[in-house]
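# Remarks on the overall topology
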Amino acid sequence: MKERNGSIIKGIFAILIIVITIFSGLFIEKVRLVNRGEMFAAPAGVTSCAASGAASKPAAQYGPEEQKKIENNYDRIKSVRISNPKPVNTPASSAGVDKPDRIVSYFQGSASWRSGLAWSGDWGEKRYHNKKFGAFGCGLCAMANIYASLTPFNGSPLDMYQFAKENSGYKGAGAIDWWNMETALEKAGFICETGKKPKDYKEFQRIVRRSKAMIILVSRDNKKSMWKETTGHYAALFLYDSASDKVFLTDSGSYDRNRKWVPLKKIYHSLKTKSDRQYLAVTSYRKKNDLWRNTEFTGTCNFPSDGRPEQQ
C-alpha cells in the first residue's frame with residue numbers, strides 16, 4: 001500500500017511540474033509579445049524602417065469605406081510564378097548591368113548623411129506629416145535603386161516618393177506597401193511580380209536568376225535571419241551569381257550590409273513570412289512603357305568618389 005501511495009504522489013508531483021512549466025512558458029511568451037514593440041533598437045550605424053515594420057497591406061489611415069476598397073484591390077493581386085521572360089529590347093544600362101559599380105544603393109537615414117557615406121543623402125531628415133523619411137523610406141530607396149540602376153534615367157529616393165504618390169495611390173508619410181510599389185514600378189516601365197517565399201529553395205534560386213532585380217521584405221523572425229534588429233525592412237537585390245550562389249545586396253538601413261555580396265540562402269532565411277508577400281521581382285524594363293523618364297534629382301547626395309554610374 002505504501003508503495004502504491006508513493007507512486008500516486010510521484011505521479012501527482014510530475015503532473016504539477018508539467019502544468020507549472022506550461023504556464024511559465026505561456027507567461028514568458030505573453031511578456032515577450034507585449035514588449036516586442038519596445039524591443040526594437042537599431043544598433044549603432046543602422047537606420048532602418050520603423051519598428052512596426054514595412055507595411056504588407058495599406059495602412060488604416062483612411063475612412064472605413066476607402067480602406068475597404070483599397071484592401072480589396074490589394075487582395076486581387078495574386079502571387080504568381082514567374083515564367084521565362086520574353087526577350088525585349090532594353091537599353092544597354094539595363095541589359096548590361098553585370099558589375100557592382102553600375103548599381104545605385106541609396107541610404108535612407110540621416111546618420112549615414114552626417115557620416116558622409118557614399119550614397120547617403122539629405123532626405124533622411126525630410127519630414128512628411130511630422131514623420132522623417134529616414135524612418136519609413138526603405139522601400140522607396142529600394143525602388144530608386146532599381147530605377148537608377150536599370151534605366152537610362154535618374155532619380156533620388158525623394159523623386160521616387162513623389163512619383164509613387166502621384167501614380168500609385170500611395171498616401172505618403174509611411175512605408176509603401178506591395179501593391180503601390182508594384183503599380184509605381186510598372187508605370188516606370190518595369191515588368192514585375194510580387195510573390196511569396198517558395199517552400200523549395202531551388203525555386204527561389206530560379207526566380208532570382210531570372211530577375212534583373214528584386215525587392216525583398218526581411219525581418220528578425222527567423223533565427224537564421226541576417227537582420228537581427230528589425231521587425232520589417234525592405235532591401236534590394238541585384239547581380240545573382242549562380243557559380244557562388246551569391247547576390248549583390250543593397251540595404252538602405254545598414255552600413256555593414258549595403259553593397260555586399262551575400263549568400264542567397266541567407267536572404268531566403270531572412271524573408272518575412274508573416275507578411276502577405278515577401279518579394280517583388282523585376283524581370284525587364286521597357287523604355288517605351290516608362291511614363292516617368294525622370295532626369296531630375298531632388299536633394300543632395302554623397303556620390304562615390306569615382307562619380308555616379310554612367311547614365312545612357
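A few points on the structure. Computed from a predicted model, the values in this text were never measured in an experiment. (Residues numbered from 1 in each chain as written. Predicted model: local features only at pLDDT ≥ 70, side-chain atom pairs only at ≥ 80, totals over all residues. Heavy atoms only, no water.)

## Examining the overall build of the protein chain
Our working rule: Going along the chain from the N terminus, every DSSP run of H or I of four or more residues is numbered as a helix, and every run of E of two or more is numbered as a strand. Working definition: with a 1.4 Å probe on protein chains only, accessible area under 20% of the residue-type maximum means buried, over 50% means exposed, and in between means partly exposed. What makes two residues a contact is simply this: any of their non-hydrogen atoms within 4.5 Å. Areas reported as accessible are Shrake-Rupley estimates using a 1.4 Å probe. Residue values count occlusion only from the protein chains shown.
Assigned secondary structure in the protein chain consists of 10 helices and 10 strands. A buried classification covers 49% of the 312 residues belonging to the protein chain. Within the protein chain, contacts between residues separated by at least 24 positions form 70% of all contacts whose residues are at least 6 apart in sequence. Here the protein chain displays about 15800 Å² of accessible surface, and carbon together with sulfur accounts for 53% of that area.

## A look at the nonpolar core
Defined as follows: The definition of a nonpolar core used throughout is a set of buried Ala, Val, Leu, Ile, Met, Phe, Trp, Tyr and Cys residues joined through side-chain atoms within 4.5 Å.
Counting 48 residues, the largest nonpolar core has L140 and I215 as the members making the most contacts within it. Take this core: its biggest share by element is 10 residues, from helix α6 (residues 138-150). Filtering out sequence-adjacent residues up to four positions away, L140 remains in contact with F133, P157, M160, Y161, A164, Y170 and I176. Among the nonpolar cores identified, the runner-up in size contains 21 residues, and F204, W227, V247 and L249 belong to it.

## Quick look at the state of the cysteines
Which entries qualify depends on this criterion: A pair of cysteine sulfur atoms is labelled a disulfide when the two atoms are within 2.5 Å.
Per the stated rule, a full pass over the model turns up zero disulfides. Here C301 stays unpaired: no disulfide links it, and the sulfur of C141, its closest cysteine neighbor, is 9.8 Å away. Residue classification places C301 among the buried residues on the basis of a relative accessible area of 11%.

## As for the sheet that holds strand β4 (residues 188-195)
Using the following cut-off: When DSSP finds two or more bridges between two strands, those strands count as paired. Angles here are taken between N-to-C directions and fall from 0 to 180 degrees, while the axes themselves are lines fitted to C-alpha atoms, restricted in helices to the stretch in contact.
Judged by pairing direction, the sheet is antiparallel, and its six strands sit side by side in the order β4-β9-β5-β6-β7-β8 without closing on themselves. Looking along the sheet, the strands with just one partner apiece sit at the ends: β4 and β8 (260-263). Pairs of neighbouring strands in the sheet enclose a mean axial angle of 35°, with direction left out of account. In terms of strand pairing, strand β6 (residues 233-241) meets strand β7 (residues 246-250) through four bridges, oriented antiparallel. Paired with A236 across the two strands is T250, which belongs to β7. α6 rests against β4, β5 (213-218), β6, β7 and β9 (279-290) of the sheet, and its axis sits at about 30° to β6. Relative to the sheet, helix α8 (residues 178-187) contacts β4, β5, β6 and β9, its axis offset from that of β4 by approximately 150°.

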